[in-house]
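# Structural overview for review
The primary structure of each chain is shown beneath.
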Amino acid sequence: MNDQHIRQQLVNTLVKRQAHQPFETVIDGFPPAHYNTRPPNLPYSFWHLLEHMRIAQADILNYIENPDYQYLNFPTDYWPAPETQAQHADWQRTIERFLADRAALVAIIQDPARELTAQIPHGEPSHSILREILVVAAHNAYHIGEFGILRGALNLR
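Quick summary incoming for the structure in this document. Note that residues are indexed from 1 along each chain, following the sequence as it is written. Local features in this predicted model are restricted to residues whose pLDDT is 70 or higher, and side-chain atom pairs enter the listing and the counts only when it is 80 or higher, whereas totals over whole chains, interfaces and linings include all residues. Values reported for side chains reflect all heavy atoms of the structure, with hydrogen atoms and water molecules removed beforehand.

### Details of the environment of Gln-21
Positionally, Gln-21 belongs in the loop between helix 1 (3–15) and helix 2 (23–27). Through-space distance from the C-alpha of Gln-21 to that of Gly-148 is 8.2 Å; in sequence the pair is 127 residues apart. Here Gln-21 is in contact with Val-26 and Ile-144, once residues within four sequence places are set aside. Think of it this way: any DSSP run of H or I at least four residues long counts as a helix, any run of E at least two long counts as a strand, and we number them from the N terminus. The contact criterion used is simple: two residues touch if any of their non-hydrogen atoms lie within 4.5 Å.

### Some points on the side chain of Glu-51
By the secondary structure assignment, Glu-51 is in helix 3 (residues 46–65). Within polar-contact distance, the side chain of Glu-51 engages the side chain of Thr-94 at 2.7 Å. If near-sequence neighbours (up to four positions away) are discounted, Glu-51 is found in contact with Pro-80 and Thr-94. Counting of polar contacts relies on pairs of N or O atoms within 3.5 Å, with two restrictions inside protein: one atom must be capable of donating a hydrogen and the other of accepting it, and residues adjacent in sequence are counted only when both atoms are side-chain atoms.

### What about the pattern of salt bridges?
Counted as salt bridges are all cases of a side-chain nitrogen of Lys or Arg within 4 Å of a carboxyl oxygen of Asp or Glu. Inspection of the entire model under this criterion finds six salt bridges. The partner of Asp-3 in a salt bridge is Arg-7, with the nearest N and O atoms 2.6 Å apart. With Asp-3 and Arg-7 both in helix 1, this residue pair falls four residues apart, about one helical turn. Salt-bridge contacts for Arg-54 lead to Glu-51; the nearest nitrogen and oxygen are separated by 2.8 Å. Here Arg-54 pairs with Glu-51, and both are found in helix 3, just three residues apart, close to one helical turn. Accessibility assignment for this pair places Arg-54 and Glu-51 in one class, buried. Burial here depends on accessible area, computed with a 1.4 Å probe over protein chains only, as a share of the maximum for the residue type. Under 20% is buried, over 50% is exposed, and the range in between is partly exposed.

### Notes on unusual backbone geometry
For residues other than glycine, phi is negative in most cases, and the peptide bonds are mostly trans. Omega for the bond connecting Phe-74 with Pro-75 falls within 30 degrees of zero, at 5 degrees, which places this linkage in the cis form. Position of Pro-75 among the secondary structure elements: in the loop between helix 3 and helix 4 (88–110). Positive phi values are uncommon outside glycine, yet Asn-41 reaches one of about 65 degrees. Within the element layout of this structure, Asn-41 appears in the loop between helix 2 and helix 3.

### Topic: the nonpolar core
Formed by 21 residues in total, the largest nonpolar core has its most connected members in Leu-14, Ile-64, Leu-105, Ile-108, Ile-109, Ile-129 and Ile-133. If you list the elements that add at least two residues to this core, you get helix 1, helix 3, helix 4 and helix 5 (129–153). Per-element tally for this core: the top contributor is helix 3, with six residues. What makes a nonpolar core is a set of buried Ala, Val, Leu, Ile, Met, Phe, Trp, Tyr and Cys residues whose side-chain atoms join them at distances within 4.5 Å.

### Points about the packing of helix 3 against helix 5
A pair of packed helices is characterised by two quantities: the angle between their axes and the separation of those axes. An axis is simply a line fitted to the C-alpha atoms; with a helix, the fit covers only the stretch in contact. Between two such axes, the angle follows the N-to-C directions and lies from 0 to 180 degrees. Where helix 3 contacts helix 5, the axes come no closer than 10 Å and their chain directions differ by 175 degrees. Classified by the interaxial angle, the pair formed by helix 3 and helix 5 is roughly antiparallel. Angle categories are assigned with fixed cut-offs, so that under 35 degrees is roughly parallel, over 145 is roughly antiparallel, 65 to 115 is roughly perpendicular, and the rest are oblique.

### A look at the side chain of Asp-101
With respect to the helices and strands, the residue Asp-101 is situated in helix 4. Salt bridges are absent for the buried Asp-101, whose nearest opposite-charge side chain, Arg-54, sits at 4.8 Å. In this view, Asp-101 contacts Gln-57, Ala-58 and Leu-61; residues no more than four positions away in its chain are not counted. Lys and Arg are tallied as positive, Asp and Glu as negative. Neither His nor the chain termini are counted.

Written as structure tokens, this is what we have:
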């Protein structure tokens, strides 16, 4: 199997349009007046959803890289407090940090010295970089789709 091909496909799952829209597409031009809008029957706002994605992705990056990793408490540590309201600077910071962490994951994937299928030394026996990248990709794709659907349902173009 071609290692470079596998690495490129993993990168593509994080950054390219595949079976879902890219992150950048669903957030493009999002109206600031709706950062804190909670779609009907949901306990979180659009910003909460983006911040959740950022936290989860950052957590997995930390898990891969940090030998002193400490598990977060689910679900409380993976979501901002329900009453938290985002200002424009918060929205921008969430996006910038999400993209920076995603770029760090891409750099890990592209580093030929990193063995993608080896167990993460401080991780669970079945946890490898490959597994963690697939978890991030699936989680991001799920919530990117959710964000896009909710945005469309509320006609927030």
